[in-house]
Amino acid sequence: MNAFGSGGGGFSNPNNDFLVANPPNDSISQIAFSPRTLQPKNFLVGGTWDNEARLWEINPDGSSNMLTSTRHDGPILSVAWREDGQAVFTAGADRIVKMWDLGKNTAATVAQHEEPVRCVEYVSEQAMNTPCIVTGSWDKSVRYWDVRAPSGQPMGVVPAPERV
């Protein structure tokens, strides 16, 4: 496994960090480790400016295997795991949020804004009696979406004084 600086480019690696396999071609916007429900396996998902979200399995020795990826029509700005670890939500500059079913490796649109979606978070069923996602956008709104049966309409909208 290649560690930072092992290529002789003069980089220092005091923490003995590892590079992920098949890294993105552009900047990473956000990363998130898988929920505890998937242990003892450990996964990492990253949203990137090259319009992809990538899923890596992280091995106990620190090495990684890229398993799969999904795309948006613009940079992916935020990622969030569903609490059961079977899906990841991706939010992007293309103004949409997708639910990426990892078992089927398919992604479906579950939310949409008028401007880029800067952040997405999953709210568990235990917290609200309805599993939902919360999204924040540059359209100056925070929206709540029911992910069980996406209707295209948010469950609630909170206006914000500035971009979220």
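Residues numbered from 1 in each chain as written. Predicted model: local features only at pLDDT ≥ 70, side-chain atom pairs only at ≥ 80, totals over all residues. Heavy atoms only, no water.

1. Let's talk about the nonpolar core
What tends to happen in soluble globular proteins is that the nonpolar side chains get buried as a cluster.
Move 1: In this structure, Phe89, Val97, Val110, Val120 and Ile133 are the most contacted members of the largest nonpolar core, which totals 14 residues.
Move 2: Counting only elements with at least two residues in this core, the list comes to strand S6 (87-92), strand S7 (96-101), strand S8 (106-112) and strand S9 (117-123).
Move 3: Those residues in contact with Val97 that sit more than four places away from it in its chain are Phe89, Thr90, Ala91, Ala108, Thr109, Val110, Ala111, Val117, Val120, Ile133 and Thr135.
Move 4: Membership of the second largest hydrophobic core comes to 12 residues, among which are Phe43, Leu55, Val79 and Trp100. (Core = buried A, V, L, I, M, F, W, Y, C linked by side-chain atoms within 4.5 Å. Buried < 20%, exposed > 50% of the residue type's maximum accessible area, 1.4 Å probe, protein only. Helix = DSSP H or I, 4+ residues; strand = E, 2+ residues; numbered from the N terminus. Contact = heavy atoms within 4.5 Å.)

2. Some details on the environment of Ser137
Move 1: Structurally, Ser137 can be placed in strand S10 (residues 132-137).
Move 2: Once you skip the residues sitting within four places of it in the chain, Ser137 turns out to touch His113, Glu115, Pro116, Val117, Arg118, Arg163 and Val164.
Move 3: Within the local environment of Ser137, its side chain forms a polar contact with the backbone nitrogen of Asp139, the two atoms lying 3.0 Å apart. (Polar contact = N/O pair within 3.5 Å; in protein donor to acceptor, adjacent residues only side chain to side chain.)

3. Quick notes on the environment of Asp146
Move 1: Mapping Asp146 onto the fold places it in strand S11 (residues 141-146).
Move 2: Sequence separation of Asp146 and Ala32 is 114 residues, and the distance between their C-alpha atoms is 22 Å.
Move 3: When neighbours within four sequence positions are excluded, Asp146 is seen to be in contact with Thr130, Pro131, Cys132 and Met155.
Move 4: For Asp146, the side chain forms a polar contact with the side chain of Arg148, separated by 2.9 Å.

4. Topic: the side chain of Asp139
Move 1: Note that Asp139 resides in the loop between S10 and S11.
Move 2: Owing to a relative accessible area of 17%, Asp139 belongs among the buried residues under this scheme.
Move 3: A polar contact of 3.1 Å, which involves the side chain of Asp139, links it to the backbone nitrogen of Glu114.
Move 4: Within polar-contact distance, the side chain of Asp139 engages the side chain of Ser141 at 2.6 Å.
Move 5: When neighbours within four sequence positions are excluded, Asp139 is seen to be in contact with His113, Glu114 and Glu115.

5. Let's talk about the sheet that holds strand S3 (residues 52-58)
Move 1: One open sheet accounts for four strands, arranged S1-S2-S3-S4; its pairing is antiparallel. A single partner strand is all that each edge strand has here, and the edge strands are strand S1 (28-33) and strand S4 (64-71). In this sheet, adjacent strand axes meet at a mean angle of 20 degrees when their direction is disregarded. (Pairing = 2+ DSSP bridges. Axes fitted to C-alpha atoms, helices over the stretch in contact; angles between N-to-C directions.)

6. Here's the deal with the packing of aromatic side chains
Move 1: Within this structure, the stated rule accounts for one aromatic pair.
Move 2: Relative to Tyr122, the ring of Phe89 lies with its centre 5.8 Å away and its plane at 10 degrees, an arrangement referred to as stacked. Remark: Tyr122 occurs in strand S9 and Phe89 occurs in strand S6; sequence separation between them is 33 residues.
Move 3: Positioned above the aromatic ring of Trp138 is the side chain of Arg163, whose terminal nitrogen or guanidinium carbon lies 4.7 Å from the ring centre. (Phe/Tyr/Trp six-rings, centres within 6.5 Å; stacked < 30°, edge-to-face > 60°. Lys NZ or Arg CZ within 6 Å of the ring centre and 35° of its normal.)

7. Notes on the sheet that holds S7
Move 1: One open sheet holds the four strands; their spatial order is S5-S6-S7-S8, and the pairing between them is antiparallel. The open sheet has two edge strands, strand S5 (76-81) and S8, and neither has a second partner. On average, each strand axis in the sheet is inclined to that of its neighbour by 25 degrees, with strand direction left out of account.
Move 2: When S6 meets S7, the two strands line up antiparallel, connected through five bridges.

8. Some thoughts on the state of the cysteines
Move 1: Going through the model one piece at a time under the given rule, you end up with zero disulfides.
Move 2: Among the cysteines around Cys119, which has no disulfide bond, Cys132 carries the closest sulfur, lying 13 Å off.
Move 3: Accessibility expressed as a relative area gives 30% for Cys119, which makes it partly exposed. (Disulfide = S-S within 2.5 Å.)

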